[in-house]
Amino acid sequence: MYLGKVIGQVVSTQKDAKLIGSKLLLVRPLQISGDAGIEEYKNTIVAVDSCGAGEGQIVLFCQGSSARQTQGMKELPVDAAIIGLVDYVEAFSKKLYKSGD
């Protein structure tokens, strides 16, 4: 599992039939450091959303075969899936993120 920030969405009218009805979001992976807190990586991932995430939210996501183990995705051609919405992140005795802030 990884932490990521939703930075946008992808709309694709032509895609594999198994993906019809799936919400595709752009996720930027996050890194937590003691000095800077939460930093965004520069790479971007397209993930299928199974939780109703929105732009700006921090989410839990998984990749590879773990993504296909998410309920309802076993038959989908996915490599990344959003599997949770983060309420808060605490590390190094500091609260680094709280949903709604």
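Here's what I pulled together on the structure shown here.

This part covers the overall build of the protein chain. On a plain count of helices and strands, the protein chain comes out with 1 helix and 8 strands. Reading the protein chain from its N end, one meets helices and strands in the order β-β-β-β-β-α-β-β-β. A globule of 101 residues ought to have a C-alpha radius of gyration of about 13 Å, and the protein chain, at 14 Å, matches this closely. In terms of overall dimensions, the protein chain has C-alpha extents of about 45 × 25 × 25 Å along its principal axes. The buried share of the protein chain, taken over its 101 residues, is 36%. If you sum the accessible surface of the protein chain, you get close to 6,300 Å²; carbon and sulfur atoms cover 46% of it. With 11 positive and 11 negative side-chain charges, the protein chain shows a separation of 3 Å between the mean positions of the two kinds.

As a further point, take the pairing of strand E8 (residues 94-98). Taken together, the 4 bridges between strand E7 (residues 88-91) and E8 define a ladder with antiparallel strand orientation. Following the sheet pairing, valine 89 is matched in E8 by tyrosine 97. Hairpin remark: E7 followed by E8, antiparallel, with 2 residues in the connecting loop; positive phi at phenylalanine 92, about 55°.

What follows is about the packing of aromatic side chains. Tallying each qualifying case throughout the model produces 1 aromatic pair. The side chain of lysine 95 reaches across the aromatic face of tyrosine 88, ending 4.7 Å from its centre.

Phi is positive for phenylalanine 92, which is not a glycine, with a value near 55°. Inspection of the secondary structure puts phenylalanine 92 in the loop between E7 and E8. A relative accessible area of 53% means that phenylalanine 92 is categorised as exposed. Not every positive phi belongs to a glycine, and serine 93 is a case in point at roughly 60°.

The rules behind each value
- Residues numbered from 1 in each chain as written.
- Predicted model: local features only at pLDDT ≥ 70, side-chain atom pairs only at ≥ 80, totals over all residues.
- Heavy atoms only, no water.
- Helix = DSSP H or I, 4+ residues; strand = E, 2+ residues; numbered from the N terminus.
- Rg over C-alpha atoms; globule rule 2.2 N^0.38 Å.
- Buried < 20%, exposed > 50% of the residue type's maximum accessible area, 1.4 Å probe, protein only.
- Areas by Shrake-Rupley, 256 points an atom, 1.4 Å probe, with all protein chains shown as cover.
- Lys, Arg positive; Asp, Glu negative; His and termini not counted.
- Charge placed at Lys NZ, Arg CZ, Asp CG, Glu CD.
- Pairing = 2+ DSSP bridges.
- Phe/Tyr/Trp six-rings, centres within 6.5 Å; stacked < 30°, edge-to-face > 60°.
- Lys NZ or Arg CZ within 6 Å of the ring centre and 35° of its normal.

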